[in-house]
Amino acid sequence: SLQRLLNEGLPVAEAIDEALRLLDGGTCAGMDVRVWAGTVDLRNGRLDYANRDQRNPVMFGEAGRELLEGSGTRTLRPGDRMFFYCDGLVSALNAESFAYGQRRMVESIRGDYAKEVVLNALKDVKAYIGDVRQQDDITLMAFRLNRYLV
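The paragraphs below set out a description of the structure included in this document. If you're wondering where the values come from, they're calculated on a predicted model, not measured in any experiment.

## With respect to the packing of aromatic side chains
Part 1: Tallied over the entire structure, the rule returns five aromatic pairs.
Part 2: When the centroid spacing of 4.9 Å and the interplanar angle of 65° are considered together, the rings of Trp 36 and Phe 84 count as edge-to-face. Of the two residues, Trp 36 is situated in strand E1 (residues 35-41) and Phe 84 in strand E6 (residues 81-85); the sequence distance between them amounts to 48 residues.
Part 3: The exposure class of Phe 84 is buried, given its relative accessible area of 14%.
Part 4: Here the aromatic rings of Phe 84 and Phe 143 are separated by 6.3 Å at their centres, their planes lie at 25°, and the arrangement is stacked.

See below:
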């Protein structure tokens, strides 16, 4: 599993690639598998991440907002939040058949706590689509780093 590979100390990008290789050789061949994974060192907020998806999570806090593309390292500070979403959010259509979009999503996310962030995003996309029947699922997740562990 991906967790096992990360626990063995593989860098995040290598662990994802190996997990995807193992899936491709098994019963999941031909499936569209999308993965974002990261590890956070709770002593200092170091976030190591890798993305094998088209959706880039958003890291935001006092320093602003950033889409985390590709692979990399960032530092989460106490109070910073991360927001994850599936394609159903950004592709949600309004009555004029215009998609909600990534830019609107990034601009609209707000809240001090994870639950607030998710509920505000849902509220905004529902206001945008109005009475239009939803065509895809909308899966959202957020977390907030409250403090470092010492």
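## A short note on the sheet that holds strand E3 (residues 58-61)
Part 1: The antiparallel open sheet is built from four strands, whose spatial order is E4-E3-E6-E7. The sheet is open, and its two borders are formed by strand E4 (64-67) and strand E7 (140-144), each paired with just one other strand. Across the sheet, the axes of successive neighbouring strands diverge by a mean angle of 15°, strand direction being ignored.
Part 2: Of the strand pairs in this sheet, E6 and E7 are connected by five bridges, and their pairing is antiparallel. Bridge pairing links Tyr 85 to Leu 140 in E7.
Part 3: Helix H5 (residues 114-129) contacts E3, E6 and E7 of the sheet and is inclined by roughly 150° relative to E7.

## Notes on unusual backbone geometry
Part 1: A positive phi angle, near 65°, is found at Ser 97, a position not held by glycine.
Part 2: Accessibility expressed as a relative area gives 53% for Ser 97, which makes it exposed.

## Quick word on the sheet that holds E1
Part 1: Read across the open sheet, the three strands follow the order E1-E2-E5; overall the sheet is antiparallel. Single-partner strands in this sheet number two, and they are E1 and strand E5 (71-75). Neighbour to neighbour, the strand axes of the sheet diverge by 15° on average, direction disregarded.
Part 2: Helix H2 (residues 12-24) contacts E1, strand E2 (46-52) and E5 of the sheet and is inclined by roughly 35° relative to E2.

## Examining the environment of Phe 98
Part 1: Mapped onto the fold, Phe 98 is located in the loop between helix H3 (87-90) and helix H4 (102-108).
Part 2: Residue Phe 98 is classed as exposed on the basis of its relative accessible area of 53%.
Part 3: Taking the C-alpha atoms as reference, Phe 98 lies 9.7 Å from Tyr 128; in sequence the two are 30 residues apart.
Part 4: If near-sequence neighbours (up to four positions away) are discounted, Phe 98 is found in contact with Ala 92, Leu 93 and Tyr 128.

## Here's the deal with the side chain of Arg 55
Part 1: On the secondary structure map, Arg 55 appears in the loop between E2 and E3.
Part 2: Excluding its chain neighbours within four sequence positions, the residues that come into contact with Arg 55 are Tyr 85, Cys 86, Asp 87 and Val 90.

## A closer look at the pattern of salt bridges
Part 1: One pass over the full model with this rule turns up seven salt bridges.
Part 2: Across the salt bridge formed by Arg 52 and Asp 17, the nearest N and O atoms sit 2.9 Å from each other. Of the two residues, Arg 52 is situated in strand E2 and Asp 17 in helix H2; the sequence distance between them amounts to 35 residues.
Part 3: Look at Asp 17 and you get partly exposed, because its relative accessible area is 40%.

Conventions we followed
- Residues numbered from 1 in each chain as written.
- Predicted model: local features only at pLDDT ≥ 70, side-chain atom pairs only at ≥ 80, totals over all residues.
- Heavy atoms only, no water.
- Phe/Tyr/Trp six-rings, centres within 6.5 Å; stacked < 30°, edge-to-face > 60°.
- Helix = DSSP H or I, 4+ residues; strand = E, 2+ residues; numbered from the N terminus.
- Buried < 20%, exposed > 50% of the residue type's maximum accessible area, 1.4 Å probe, protein only.
- Pairing = 2+ DSSP bridges.
- Axes fitted to C-alpha atoms, helices over the stretch in contact; angles between N-to-C directions.
- Contact = heavy atoms within 4.5 Å.
- Salt bridge = Lys/Arg side-chain N within 4 Å of Asp/Glu carboxyl O.

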